[in-house]
Amino acid sequence: MMEKIMDEMEKRKIKDFLAVENHGFLRVAVVIPRVYLANPSKNACGHFEELKKVYERGAAYAVCPELGITGYSCGDLFLSDALIRSSLAALKELIILTRDWKMMVTVGLPLTVDEMLFNAAVTFLRGKILAVTPKSYPPEYREFYELRHFAPAREARSKIISVLGQKVPFGSDILIKSAKRPDFVLHTEICEDIWVPVPPSSMAALAGATVLANLSASNITVGKSEYRESLVVGSSARNLAVQLYAAAGFGESTTDLGWDGDGYIAERGALLRKSGRFSGISTHIIADVDLDSLISDRMRQGSFRQNGFDNAREFRLVEFSDSMGNSENIDFEREIDPHPFVPGNPQKRDERCREIFNIQATSLMKRLEVLPPDRRKIVIGVSGGQDSTHALNIAIRAIDLSGLPRSNIIALTMPGFGTIDRTYRNACKMINAAGATFREIPIKELVALSFKSIGIEDAESFVSEVGSAVRDGRSDADTRRKKSTLENIQAWARKHILFSVSVKEGGFVLGTGDLSELFIGYCTMFGDHASHYGINAGVPKTLISYLLRWAADTIFAEESGFRESILDVLETPISPELLPPDKGKITQKTESIIGPYELHDFTGYYFVRFGFRPSKIARMALCAFGEKYSVGEIKKWLKVFFSSFFRNQFKRSCLPDGPKVGSIAISPRGDWRMPSDASAEPWLDDLDKVPDTISG
């Protein structure tokens, strides 16, 4: 019996973990039915058929086009009592047909209120009309003459109206909020309302709306689609919100105009979905929007709150308790990029690389500029690994832009007990090919002296003992302590030499450690952690390789020897080279010790950028990486990340200066302030919600 109970509990855990809506996502849809002009009954059927498709795909909310129940281009027929009555009957039929659905719907139709006709959006759920929103700014210019038929929202006298026997809030000042999903707060507006300088949706967002829906007709002209897209994406960015947009499609009158059926779903400045235009049939788009992320941004962006205070406007809140959406949704209707720091589009990736390269190079130029002319030198350790190679590339670019000789770069190779021939040769070749001042200073003698000072008389025997333990796979406490001693003393020796050279020669030490290492503290305190300027502090490991290849193909394309060395570095396994090699090969492969950098970068991005909980990050990672990692592997490395992140905050609390290049950084003077003695327990407890395996 107990075994059966435990089995059921595990099944429930898996089901809860996989359910998309349990992780702050909401499935929304933009529905664009084919228009049957001035035929509300047929339009209601068309709406229903297309709405049914998105409901069956698990949508919690769907918005349809402006005046979609009648068609937008009815002209003076809008003033006909027959059309108005027929549209109400069609609305009633649509509400009845969808009353058992857990999907909220907004449709457009003409509605008579206070002896005036309004272009209205009606929102309903499970047979109940929640609100009716009239259009605030009916256009009256060029091809538009809506004021001929419709009154603007401000002329309405009634705040509560009767629609199909239901008492319903009426106005553009209504927010619809879910009691069960308080992160879902809907505001609707109609077409022109989003085109004006101060849209009603902006006021609604400042008042708490998270999902902004625009019902539009919007005929198509050359260039208009691009402008619509910029409006929609810009609205989602400016308002830190989800912006939905549904434009009328095929079937509207083509007497003087054309129609394309343009639809968008945007979130915080990112376009998630876009409809195929000119289809000639009914269509829809659907996406899982992340309400957690926009709420996180609103909490962080104090100026958003201040702007809301300065532009406060009273909104009426309509709260509903019915459930929305499908808790059985286990597949994302959303692309989740496994590499959030690296654009997937090659052209955008090259643009990103150029931008980052220039940010780093010009920042380094400024550091050089403030030094006395005779001290404008850069001291850098070059290991033959990716991080130091990229830092060297930046140093060369900064020196070139400053008009200084490359000999002002004093580049050191400091072979130690873990250095292999391949990395050593690459380091030497790069330094010489770049025209930098070459220095080779082995660290074994200094390390042996440090060993002797702490009671380790025979350095070679100690190193050999550690090497044997590594090859044998031993991980007892004594072995771990000896490994740590060997690794850290070598790192301190190298940094000691670098600072010593900078004192003797002038100039400053350029750090090479990257953002990924700082996430989990995989660096030696005051070893590779320290420098006069941490040039790579804002660049994650997953981006470094692209920056190297881009620099090789663009900045250094004409320097063949240097370029070849960069490309060979890219083929070398990532390693700090602090443990003895095995028959000339690297034994200390970083990712086999701490986990895949791409997983750590993914976690670091969503944790630092949005504060997401580990279980949500795990669910997103499972989607993003597909079959590359099992849920058990993801959980394992998430535990490593969060344990290490909290344990090593003290290293981030005293970082050297370094430029921020992307949306996040962890400098204590910039994005990230955290006590070094904080507990990771709440995050590790949340990680327990992630199953160890997913069967079936």
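The rules behind these values
All residue numbers refer to positions counted from 1 along the written sequence of the respective chain. Totals for whole chains, interfaces and linings use every residue, but because this is a predicted model, local features are given only for residues with pLDDT of at least 70 and side-chain atom pairs only at 80 or more, for both listing and counting. Excluding hydrogens and water, the side-chain values take into account all heavy atoms of the structure. To qualify as a helix, a DSSP run of H or I must reach at least 4 residues; to qualify as a strand, a run of E must reach at least 2; elements of each kind are numbered from the N terminus. Each residue is assigned to one of three classes by its accessible area relative to the maximum for its type, calculated with a 1.4 Å probe on protein chains only: buried under 20%, partly exposed between the two thresholds, exposed over 50%. In this description, contact between two residues means that some pair of their heavy atoms is separated by no more than 4.5 Å. Computed with a 1.4 Å probe, the accessible areas rest on the Shrake-Rupley method; for each residue, only the protein chains presented here act as cover. By the counting rule applied here, Lys and Arg register as positive and Asp and Glu as negative, while His and the ends of each chain are not counted. In plain terms, the charge of a residue is placed at NZ if it is Lys, CZ if Arg, CG if Asp and CD if Glu. A pocket, in this scheme, is an open set of points on a 1 Å grid over the protein atoms alone with protein on both sides within 12 Å along at least 5 of 7 lines, while a cavity is a set where a 1.4 Å probe fits but cannot get out; residues line either one if an atom lies within 4 Å of a point. Grid points are joined across faces, edges and corners, and a volume is the space filled by probe spheres set on the points. Each residue is assigned to one of three groups, with Ala, Val, Leu, Ile, Met, Phe, Trp, Tyr, Cys and Pro labelled nonpolar, Asp, Glu, Lys and Arg labelled charged, and all others, Gly among them, labelled polar. Think of each axis as a best-fit line through the C-alpha atoms, taken over the contacting stretch in the case of a helix, with angles from 0 to 180 degrees between the N-to-C directions. For classification purposes, angles smaller than 35 degrees are called roughly parallel, those larger than 145 roughly antiparallel, those between 65 and 115 roughly perpendicular, and all remaining angles oblique. With the far helix as reference, a near helix turned anticlockwise by less than a right angle produces a left-handed crossing, and one turned clockwise produces a right-handed crossing. This arc corresponds to the set of directions leading from the helix axis out to the C-beta atoms.

**Q** Explain the overall build of the chain to me, please; I cannot follow it from the model alone.
**A** The number of helices and strands found in the chain is 22 helices and 20 strands. The principal-axis extent of the C-alpha atoms belonging to the chain is close to 100 × 75 × 45 Å. The buried share among the 696 residues of the chain stands at 56%. The long-range fraction of contacts in the chain, counting pairs at least 24 apart against all pairs at least 6 apart in sequence, stands at 75%. Carbon and sulfur atoms make up 51% of the accessible area of the chain, which totals about 29,400 Å². Side-chain charges in the chain split into 87 positive and 88 negative, and the spacing between the mean points of these groups amounts to 1 Å.

**Q** In this structure, what is going on with the layout of surface pockets? I would like to understand it.
**A** Empty space among the atoms becomes apparent when a probe as large as a water molecule is rolled across them. Approximately 1,100 Å³ is the volume found for the second largest pocket. As for the second largest pocket, its lining consists of 38 residues, of which Ala270, Asp337, Pro340, Arg352 and Tyr605 are closest to the centre. Breaking the lining of the second largest pocket down by element, the ones donating at least two residues are strand 13 (270-274), helix 8 (346-369) and helix 18 (597-610). Grouping the constituent residues of the lining of the second largest pocket by class yields 20 nonpolar, 8 polar and 10 charged.

**Q** In this structure, what is going on with the packing of helix 10 (residues 421-434) against helix 16 (residues 560-570)? I would like to understand it.
**A** The description of two packed helices rests on the angle between their axes and on the distance between the axes. Between helix 10 and helix 16, the least distance of the axes is 8 Å, while the angle of their chain directions is 150°. Classified by the angle between their axes, helix 10 and helix 16 sit roughly antiparallel to one another. Of the two possible hands of crossing, helix 10 and helix 16 adopt the one that is left-handed. Together, Arg422, Asn426, Lys429, Met430, Ala433 and Ala434 of helix 10 and Gly561, Phe562, Glu564, Ser565, Ile566, Asp568 and Val569 of helix 16 make up the contact between the two elements. Partitioning the contact of helix 10 with helix 16 into residue classes produces 6 nonpolar, 3 polar and 4 charged.

**Q** In this structure, what is going on with helix 16? I would like to understand it.
**A** Residues spaced three or four apart along an α-helix face the same direction, because each turn holds 3.6 residues. Taken together, the buried positions of helix 16 are Phe562, Ser565, Ile566, Val569 and Leu570. Projection of helix 16 onto a plane perpendicular to its axis shows the buried side chains occupying an angular sector of 145°, all on one side. Tucked into the core, helix 16 has its buried residues touching helix 9 (386-401), helix 10 and helix 15 (541-553).

**Q** Where do I start with unusual backbone geometry in this structure?
**A** Backbone geometry follows two general trends: most residues other than glycine have a negative phi, and most peptide bonds adopt the trans configuration. One non-glycine residue, arginine 142, lies in the positive phi region at around 45°. With respect to the secondary-structure elements, arginine 142 resides in the loop between strand 5 (128-134) and strand 6 (160-163). If you check the backbone angles, phenylalanine 278 has positive phi at about 55° while not being a glycine. A relative accessible area of 53% means that phenylalanine 278 is categorised as exposed.

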